[in-house]
Amino acid sequence: MNLLDFSERFKDEKSCRAYLKGKRESEGVTCKKCECKEHYWLSTLNCWKCKGCGSWTNLRAGTIMEKSKMPVRMWFMCIHLMTSTKKAFSALEMQRQLGHKRYEPIWYMMQKIRKSMGKRDNKYQLHGEIEMDDAFFEIVDLGELDELGNKKDDAEEQKRGRGSQKQMKVLVMVESAPNPKQTNPHKKNRIMGFVKMQVMDDLSSIGINYEVKKSVKESATIITDGYHSFRRLDEVVSEHKPIVTPSNEAHKNLPWVHTVISNAKRLFLGIHHSIGKEYLQNYLNEYCYKLNRRNFNSDL
C-alpha cells in the first residue's frame, strides 16, 4: 500500500477508529475481569461493555496504543511510514512528517512499534542452513552523559577493541541456501532467507547456545568461523560447520551474514547517527522486520 492508497483508505480519525474496531472484533474482544467474549459496542464512548460483568474495554486497550493520547490516525501513519519504506526514519524526520509539536511522544511511539516488530519476529524459528557470526555495534551509554550531552567527569575510562564500552555485542543469524544456478563470479553463490539479530550480554558458548536454542530449529545446520565460543553449537543443532579462514576470505564462506551486518551499521550511522545502549535491540528489530519482508507483496 503506497501513500496515496493509505490516504484514501484512512481519510480521517473516524475511518481509522472504524478499521481498528473491525479488526479487533474479527479477532475477538475478551474481558480482562471475567474473560467473557460477548460485548456491546457503545459508540458514544468508543468502548465495549461486557455482557457478563458490565466492565468497559477501551478501543485501544491491549494494543501498543493503549493509554496514548495521540490520535489513532497518527499512529496508523507512523506505522505505515515505518513499514512501507526500505530505509528507516529518524524520530526527528517522523516528527516533521506528522506535524507534531513535540519530539518525545514521536520517539516513544516509534520505540513501541519497533518493540512490537521484535515480538512478531520472535514467533518463528530459522531453519535449513544458517550463517552465524558475532558483530559489534557502536552505542552511546546515556548514563555517562550529563544534561548537556557531555561526558561526565567521573565516567569510566573507555577501553579499546573487543571489550570497549562503546560497543554492544550482537549475535547475527541468517538463513542461507546454496544457489547452484549462480554462475556470475561477482555475485554471491547463496540465497538469503530470514534474519535474526540479538543483543548479547556476553559471547560465551553458554549464552550463544541459549539464544540459538530459542531462535533456530534443532534440525538446522549452522556455518560459522573459528571463534571459540561457537564450538558447542552441535549440542543444540543437528550439525555445526566451523570454517577457519583468513579475515580477507571470510566473505566467501559467510557472504550474507557479513552483508547484513555491514548494511545495518551503515543504515544506523546514516539515519540515526548514534543509538543509546538500552535501545539498540529495538533498532535491530526494525531492521530485521523490514529485511525479512523485503519480498512480501501484502501490506506489511
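Residues numbered from 1 in each chain as written. Predicted model: local features only at pLDDT ≥ 70, side-chain atom pairs only at ≥ 80, totals over all residues. Heavy atoms only, no water.

Colleague: For this particular structure, what's the right way to read unusual backbone geometry?
Modeller: Trans peptide bonds make up most of the peptide bonds, and negative phi angles are found at most residues other than glycine. Phi at Glu35 takes a positive value of approximately 60°, unusual for a residue other than glycine. According to the relative accessible area criterion, Glu35 is exposed, its value standing at 61%. Residue His273 is not a glycine yet carries a positive backbone phi of 65°. Topologically, His273 is positioned in the loop between helix H8 (255-272) and helix H9 (280-292). For His273, a relative accessible area of 59% corresponds to the exposed category. (Buried < 20%, exposed > 50% of the residue type's maximum accessible area, 1.4 Å probe, protein only. Helix = DSSP H or I, 4+ residues; strand = E, 2+ residues; numbered from the N terminus.)

Colleague: Got a minute to help me understand the packing of aromatic side chains in this structure?
Modeller: We describe a pair of aromatic rings using the distance from one ring centre to the other and the angle between the two ring planes. Within the structure shown, the criterion is met by eleven aromatic pairs. When the ring of Tyr227 is compared with that of Phe230, the centres are 5.5 Å apart and the planes differ by 80°; the resulting orientation is edge-to-face. Across the pair, exposure class does not vary: Tyr227 and Phe230 are buried alike. Three or more aromatic residues joined by ring pairs make a cluster, and in this case those are Phe6, Phe10, Tyr19 and Phe76. The ring of Trp256 carries the charged tip of Lys188 above its face, separated from the ring centre by 4.7 Å. (Phe/Tyr/Trp six-rings, centres within 6.5 Å; stacked < 30°, edge-to-face > 60°. Lys NZ or Arg CZ within 6 Å of the ring centre and 35° of its normal.)

Colleague: When you look at the sheet that holds strand S4 (residues 129-138) in this model, what are you seeing that I'm missing?
Modeller: In sheet architecture, strand pairing relies on hydrogen bonds along the backbone and comes in two forms, parallel and antiparallel. In spatial order, the strands read S6-S5-S4-S7-S8; together these five strands make up an open sheet with mixed pairing. Either end of the sheet is taken by a strand with one partner, and the two such strands are strand S6 (190-200) and strand S8 (239-242). For this sheet, the mean inter-axis angle between neighbouring strands, taken without regard to orientation, is 25°. The pairing of S4 with strand S7 (residues 221-224) spans three bridges and is parallel. Each residue of the ladder has a partner; that of Glu129, found in S7, is Thr221. The sheet strands contacting H8 are S4, strand S5 (167-178) and S6, and the helix crosses S4 at an angle near 30°. (Pairing = 2+ DSSP bridges. Axes fitted to C-alpha atoms, helices over the stretch in contact; angles between N-to-C directions. Contact = heavy atoms within 4.5 Å.)

Colleague: So what exactly am I meant to see when it comes to the pairing of strand S1 (residues 39-42) here?
Modeller: Two faces make up the sheet, and in a regular strand the side chains alternate between them. Alignment of S1 against strand S2 (residues 47-50), held across four bridges, turns out to be antiparallel. What sits directly across from His39, in S2, is Cys50. Connecting the antiparallel pair S1 and S2 is a turn made up of four residues, with Asn46 showing a positive phi of about 55°.

Colleague: I would appreciate a short explanation of the pattern of salt bridges in the present structure.
Modeller: Pairs can form between side chains of opposite charge once their charged atoms are near each other. Within this structure, the stated rule accounts for twelve salt bridges. Lys21 serves as the salt-bridge partner of Glu25, at 3.2 Å between the closest nitrogen and oxygen. With Glu25 and Lys21 both in helix H2 (residues 13-27) and four residues apart, the pair spans about one turn of that helix. Its relative accessible area of 37% is what places Glu25 among the partly exposed residues. With a closest N to O distance of 2.7 Å, Glu286 and Arg114 form a salt bridge. Of this pair, Glu286 sits in helix H9 while Arg114 sits in helix H5 (residues 103-121), and the two are 172 residues apart along the sequence. Judged by its relative accessible area of 3%, Glu286 is buried. On the basis of relative accessibility, which here comes to 2%, the residue Arg114 falls in the buried class. Through salt bridges with shared partners, one network takes in Arg114, Glu286 and Lys290. (Salt bridge = Lys/Arg side-chain N within 4 Å of Asp/Glu carboxyl O.)

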